[in-house]
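Tertiary structure, described
The lines below spell out each chain.
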Amino acid sequence: MCTILTLLLTATILQTHAQCWQAYSVDGFHSVALTTDGRIATWGRNEEGQLGDGTNDQKNIASVSVATGDWVAIAAGRHLTLAQQADGSIWGWGLNFYGQLGINNTTDQNTPQQIGTDTDWRRLFGGSNQCFGIKQDGTLWSWGDNTEGELGDGTDIPKFQPVQVGTGNDWQVVATGMHHELALRTNGTLWGWGLGSSGALGTGTTQDHNAPVQIGTDSWRSIAAGMNHSLGVRTDGTLWGTGTASGANSGWPPAFAQIGTDTDWQLVSASADGNFAIKHNGTLWNWGETVNGYLAAPTQVGTDADWASVMGGSGHAMAMKQDGSLWTWGTNSQGQLGDGTYMDRTVPQPVPCDLITHVPNTPEAGQATFFTDEAGQWLFVEGADPAVGRLRILDSAGRTVWDASYAQRPVAIGHLAPGTYAVLMLHKGRMERGRFAKW
């Protein structure tokens, strides 16, 4: 009996090192990461084209598949992805039913499409069915669905292109929920708009708002928005929440209430019904709905104390350590963990840097399939003529560990250490490349 392994064709192997990532983003059931050399890796659900690789096929391996560009920033939305290039232009792909890509139509896109022609953007924020951007001058812009006033432009009319939110020019960050949004200004004040009936705005009422309203007078450091709840860390290091799933006793109508008594919180993030936070000492915490069940109060994730940031999706999470390494865990039904499986993970697992960059095959191109035996002793290749092929195996650091004519088949791999390996095969003048794991 054989174990079939994933093949990714026409590939380029990146050298493995902990610092291959510079940014990441998750939302819904897909994940996005930006490499240190300006390439975008995507994996997970792709029914709406949110992976940006020109297909609608989901992928369970972290792979660089978005069109080449000098990318400098990324932001995942529920079923979409936004990105910015070095020239200041912004791009989007994925679900566009509500015009949330900002490209002046409602057609889904599975490759990057430029949003307008402006090149003075500073930050991007993907949301449920709406998106936001902050320009270099500090102005805030929004586009997409606006049924509950989520765009904050004073109307409930959807916008298919970016429109300015008010006249302020001191916006710092936006946290996007399902139907509500939070934002911080540079003076640390907290603002919110959108659906208020769930209490997620924390204004002490259930009133909806289609324009930003200030929430209290306190100064905030970090904010997050989930499906029907919100979280925040004040500048004094205290943790606060409002609405269902926040873990705070926020009353009714809900207002922000303190969670616990600790004063060493650094930042927060929220998924649909779950919550994540990091303390000043680098420890990672989780509560609400988790892959391990419901947690009523913040509970430490493992014992590591070198976490730098965290972000929640729909049932899964991604976090970066202080050394730049990237980790994922949670549900994996769409391959959103990028580990080559569809198995849920209850503890953080590293996202390897030995990525494979692939381009779709031309119709006339041959296709080979790589697989190993169950014992991990032999590597087989099907769909290739052994008389005209040469095969090379590289370890995760890019070092060649086997190189010979493929006429010597199958290839003995029993001597290789457990890990992930890349396969390069020159076949009929065309380089085909794949990857296999040895346990």
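Residues numbered from 1 in each chain as written. Predicted model: local features only at pLDDT ≥ 70, side-chain atom pairs only at ≥ 80, totals over all residues. Heavy atoms only, no water.

1. A look at the overall build of the protein
What counts here: For helices the rule is a DSSP run of H or I covering at least 4 residues; for strands it is a run of E covering at least 2, with both sets numbered from the N terminus onward. Relative accessibility thresholds used throughout: buried, under 20% of the residue-type maximum; exposed, over 50%; partly exposed, between the two (1.4 Å probe, protein chains only). What sets the accessible areas is the Shrake-Rupley method with a 1.4 Å probe; for residues, cover comes only from the shown protein chains.
Looking only at helices and strands, one finds zero helices and 37 strands in the protein. Counting only residues that meet the buried cut, the protein has 55% of its 439 residues in that class. Total accessible area computed for the protein in this model is approximately 17200 Å², and 50% of it derives from carbon and sulfur atoms.

2. Some thoughts on the pairing of strand β15 (residues 180–185)
Applicable threshold: Pairing between two strands is assigned when DSSP locates at least 2 bridges connecting them.
Counting buried positions over the six residues of β15 gives six, a clear majority of the element. Every second residue of β15 is oriented toward a common face, with His-180, Leu-182 and Leu-184 on one face and Glu-181, Ala-183 and Arg-185 on the other, all of them buried. Where strand β14 (residues 171–176) and β15 come together, five bridges link them in antiparallel fashion. Within β15, the position partnered with Ala-175 by the bridge is Leu-182. Between the end of β14 and the start of β15, which pair antiparallel, lie three residues. Sheet topology places β15 next to strand β16 (residues 190–194); five bridges connect them, and they run antiparallel.

3. A few points about the pattern of salt bridges
Cut-off, in case you're wondering: The term salt bridge refers to a pairing of a side-chain nitrogen on Lys or Arg with a carboxyl oxygen on Asp or Glu at a separation within 4 Å.
Applying the stated rule across the entire model yields 14 salt bridges. Residue Glu-47 pairs with Arg-45 through a salt bridge whose shortest N-O separation is 3.3 Å. We classify Glu-47 as exposed; its relative accessible area is 52%. Accessibility expressed as a relative area gives 14% for Arg-45, which makes it buried. Between Arg-234 and Asp-218 there is a salt bridge whose closest N-O contact spans 3.0 Å. Here Asp-218 lies in the loop between β17 (209–214) and β18 (220–225) and Arg-234 lies in strand β19 (residues 229–234), a separation of 16 residues in the sequence. Taken together, the shared-partner salt bridges in this structure form one network comprising Arg-45, Glu-47 and Glu-48.

4. Considerations on the sheet that holds strand β11 (residues 130–135)
Going by this rule: In this analysis, axes come from line fits to C-alpha atoms, helices being fitted only over the stretch in contact, and the angle between any two N-to-C directions falls in the range 0 to 180 degrees.
Read from one edge of the open sheet, four strands run β10-β11-β12-β13, paired in antiparallel fashion. Looking at the sheet topology across the chains shown, the edges are occupied by β10 (121–126) and β13 (159–164). Neighbouring strand axes in the sheet, compared pairwise and without regard to direction, differ in orientation by 20° on average. Strand direction decides the pairing type here: strand β12 (residues 140–144) and β13, joined by three bridges, are antiparallel. Note that in β13 the partner of Ser-142 across the bridge is Val-163.

5. Observations regarding the nonpolar core
Our working rule: Buried residues of nine kinds, namely Ala, Val, Leu, Ile, Met, Phe, Trp, Tyr and Cys, make up a nonpolar core once their side-chain atoms join them within 4.5 Å. Here, two residues are considered to be in contact whenever any of their heavy atoms come within 4.5 Å of each other.
Core analysis: the biggest nonpolar cluster contains 21 residues, and Leu-140, Leu-182, Leu-190, Ile-223 and Phe-256 have the highest contact counts within it. Of all the elements in the fold, those that place two or more residues in this core are β11, β14, β15, β16 and β18. Sort the elements by how many residues they give to this core and β14 lands first, with four residues. Setting aside its immediate chain neighbours within four residues, Phe-256 contacts Leu-182, Leu-190, Leu-201, Gly-202, Ile-215, Trp-220, Ser-230, Leu-231, Gly-232, Trp-240, Gly-241 and Thr-242.

6. Topic: the packing of aromatic side chains
Defined as follows: When two rings of Phe, Tyr or Trp (its six-membered ring) have centres within 6.5 Å they constitute a pair, described as stacked for plane angles under 30 degrees, edge-to-face for angles over 60, and tilted for the intermediate range. Comment: the charge-over-ring label is applied if NZ (Lys) or CZ (Arg) is within 6 Å of the ring centre and within 35 degrees of the ring normal.
Per the counting criterion, the structure on display carries 14 aromatic pairs. Where Trp-71 meets Trp-93, the ring centres are 6.1 Å apart and the plane angle is 65°; that geometry is what we call edge-to-face. Residue Trp-71 is found in strand β6 (residues 71–76), and its partner Trp-93 is found in strand β8 (residues 90–94); the two are separated by 22 residues along the sequence. Across from the ring centre of Trp-240, 3.5 Å away, lies the NZ or CZ of Arg-234, which sits over that ring.

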